[in-house]
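# Structural characterization, general
In case you want the letters, here they are:
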Amino acid sequence: MSEDGPAERCLPRPGAVLSLAAAAVLLFAGAGSAAAKPTGGPAVLSVSSSASAARQSATTSSSSPARLSDGTIVDSPAAAGKVQDYWTSERMKNAIPRDVPEPGTPPAGSAAPAAVPTGEAGRIEPVTPTVPSRAGTRAPLITESAEVGKVFFTDPSDGKDYVCSGSALNSPSKQMVVTAGSCVHGGQGRTWMTNWTYAPRYRSGDRPFGTFAAKQFRTFNAWMDSSAPGRDVGLVTTWPLNGTRLVDATGGQGLAWNYPQKVDVTILDYSTDRSGGEIQQWCTGPTAQGYFSGTIGIYCMFGGRASGGPWLQQFDDSSGIGYVNGVMSAIDCSGWNQSPYFDSAVKSMVDAQGSVT
């Protein structure tokens, strides 16, 4: 039987963890060569049969103020300082990599979006830092970006500390991070994360730019209501650190939307099956239609515990910046990583959050 036929391939599952033997053949920093990629691209599998009907709340988003684990709103620099105090080096080291939840049951009359343009293609340009680099910081590695970092938070559903990846995103506020929706909200039946902070260019415990506490979250209603894989996108407005805004300190990635399903991207992510998740890892190649409705995929074989890292068009290794055209969301059992397709709704969500300060 053909490897490419949906009947012969095991069903994809977000958060699926690959064996170390399978992981060894990824094209990533330090790998000798790429694995033999299945030809023809993955077949599309919808979340459920009802998802082919008209969708509900698939293009709208909601926001929420960030909170400490005791419910206190992070509404002042002093409260942001409490988030920084919470995240000791030991807590960061022991944080659990975030698995993406199983897709939930879509609400009546809902469906995941199709992975096709919903308007004209467009871009927001990236920006470089406007403040001098901090003295004494270690030089970046090849394909390591100051605009990419680790995300840390507490999940109120179990009280445990978790870690994701994320990226600074250029916006009018200069204070925004883009990550997976599962890294800001637990999805169907759950709620917003607490104690949320972002550590740009984290490396083996080193935080050269400090940490930026969350001020406000935003994600798609379809993610909150039904854990729709095609809407697993989260945005976070952060507090300035000692008066310096995030994008001024690190630079910010651009944004790309309504591009074809097949584009060349570079992925930067803290996948835990590479160096214990302590160093940024990379993969590059063309995307294709994803397994879930509303997603794109790439044969990278990053482990399932790798949510939130940016999928970047036209990545410039010398500056560490490109155009975010997706975020790491899931992996299927044959090694194809998945991202929500960035359409006009993603651009609208960025516009809604981008001026919040």
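None of the values given here were measured: they were computed from a predicted structure.

## Description of unusual backbone geometry
Positive phi, close to 50 degrees, is recorded for S227, a residue that is not glycine. For S227, the location among the structural elements is in the loop between α4 (221–226) and β9 (234–238).

## A closer look at the environment of G294
With respect to the helices, strands and loops of the structure, G294 is situated in the loop between β13 (288–289) and β14 (295–299). Separated by 180 residues in the primary sequence, G294 and A114 place their C-alpha atoms 4.5 Å from one another.

## Observations regarding the state of the cysteines
Note: disulfide means a covalent bond formed between the sulfur atoms of two cysteine side chains. Counting across every chain of the model gives two disulfides. One disulfide in the model links C164 with C183; its S-S distance is 2.1 Å. Disulfide C164-C183: the torsion about the S-S bond is -80 degrees, which places it as left-handed. A residue pair is termed long-range when its members are at least 10 positions apart, and C164 in strand β5 (residues 160–169) and C183 in the loop between β6 (176–179) and β7 (194–200) qualify at 19 residues.

## Considering the sheet that holds β14
Think of a sheet as strands paired side by side through backbone hydrogen bonds, with each pair either parallel or antiparallel. What the four strands build is an open sheet, ordered β13-β14-β18-β17; its pairing is antiparallel. Whereas interior strands pair on both sides, the edge strands pair on one side only; in this sheet they are β13 and β17 (330–331). Pairing of β14 with strand β18 (residues 336–340) involves five bridges; the strand directions are antiparallel. Directly across from Y299, in β18, lies its bridge partner W336.

## Here we look at the packing of aromatic side chains
Across all of its chains, the model carries eight aromatic pairs by this definition. Considering the side-chain rings of Y86 and W87, the 5.1 Å spacing of their centres and the 85 degrees angle between planes classify their relative orientation as edge-to-face. One exposure class covers both Y86 and W87, and it is buried. An aromatic cluster is built from Y86, W87, F152, Y202 and Y270, whose rings are joined through pairwise contacts. One Lys or Arg, R91, reaches over the ring of Y86 and ends 3.9 Å from the middle of that ring.

## Considerations on the side chain of S64
Tracing the backbone through its elements, the reader meets S64 in strand β1 (residues 61–65). On the basis of relative accessible area, S64 is assigned to the buried category, the value being 10%. Among residues more than four places away in sequence, those in contact with S64 are W192, Q216 and F217.

## Some words on the environment of L235
With respect to the helices and strands, the residue L235 is situated in strand β9. For the pair formed by L235 and M349, sequence separation is 114 residues and the distance between their alpha carbons is 8.3 Å. When near neighbours in sequence (up to four residues on either side) are disregarded, L235 contacts L169, M176, V177, V178, Q216, F217, R218, M349, V350 and Q353.

## Some points on the pairing of strand β8 (residues 212–220)
The element β8 is extensively covered by neighbouring structure, given that seven of its nine residues are classed as buried. Here five bridges tie β1 to β8, and the two strands are oriented antiparallel to one another. Residue pairing across strands places S62 opposite T219, the latter belonging to β8. Bridge analysis of β7 against β8 gives two bridges, and the strand direction is antiparallel. Along β8, the bridge assignment pairs T197 with A213. Note: β8 against β9, five bridges, orientation antiparallel. Its bridge partner lying in β9, R218 is registered against L235.

## Re the pattern of salt bridges
Applying the stated criterion across every chain, the model contains eight salt bridges. As a salt-bridge pair, R201 and E144 come within 3.8 Å of each other at their nearest N and O atoms. Placement of R201 in the loop between β7 and β8 and of E144 in the loop between β3 (122–124) and β4 (148–155) is noted, with a sequence separation of 57 residues between them. Residue R201 shares its accessibility class with E144, and that shared class is buried. Close ionic contact of R203 with E144 constitutes a salt bridge, the shortest N to O distance being 2.9 Å. Of this pair, R203 sits in the loop between β7 and β8 while E144 sits in the loop between β3 and β4, placing them 59 residues apart in sequence. Here R203 matches E144 in class, with each residue buried. A single network of salt bridges, built from pairs that share partners, joins R98, D155 and R190.

Conventions adopted
- The residue numbering used here restarts from 1 in each chain and proceeds along that chain's sequence as written.
- Two thresholds apply to this predicted model, a pLDDT of at least 70 for residue-level local features and 80 or more for giving and counting side-chain atom pairs, whereas whole-chain, interface and lining totals are computed over all residues.
- The side-chain numbers reported here are obtained from all heavy atoms of the structure, hydrogens and water having been left aside.
- Segments assigned H or I by DSSP are reported as helices when at least four residues long, segments assigned E as strands when at least two residues long, and all are numbered from the N terminus.
- Pairs of cysteine sulfur atoms within 2.5 Å are identified as disulfides in what follows.
- Two strands make a pair as long as DSSP finds a minimum of two bridges between them.
- Aromatic pairing here means that ring centres of Phe, Tyr or Trp (its six-membered ring) are within 6.5 Å. Orientation follows from the plane angle: under 30 degrees is stacked, over 60 is edge-to-face, and everything else is tilted.
- The cut-offs for exposure are 20% and 50% of the maximum accessible area for each residue type, with area from a 1.4 Å probe on protein chains only; residues under the lower value are buried, those over the upper are exposed, and the others partly exposed.
- In this scheme, Lys NZ or Arg CZ marks a charge over a ring once it lies within 6 Å of the ring centre and within 35 degrees of the ring normal.
- The contact criterion used throughout is that any non-hydrogen atoms of two residues lie within 4.5 Å.
- Any Lys or Arg side-chain nitrogen found within 4 Å of a carboxyl oxygen on Asp or Glu counts as a salt bridge.

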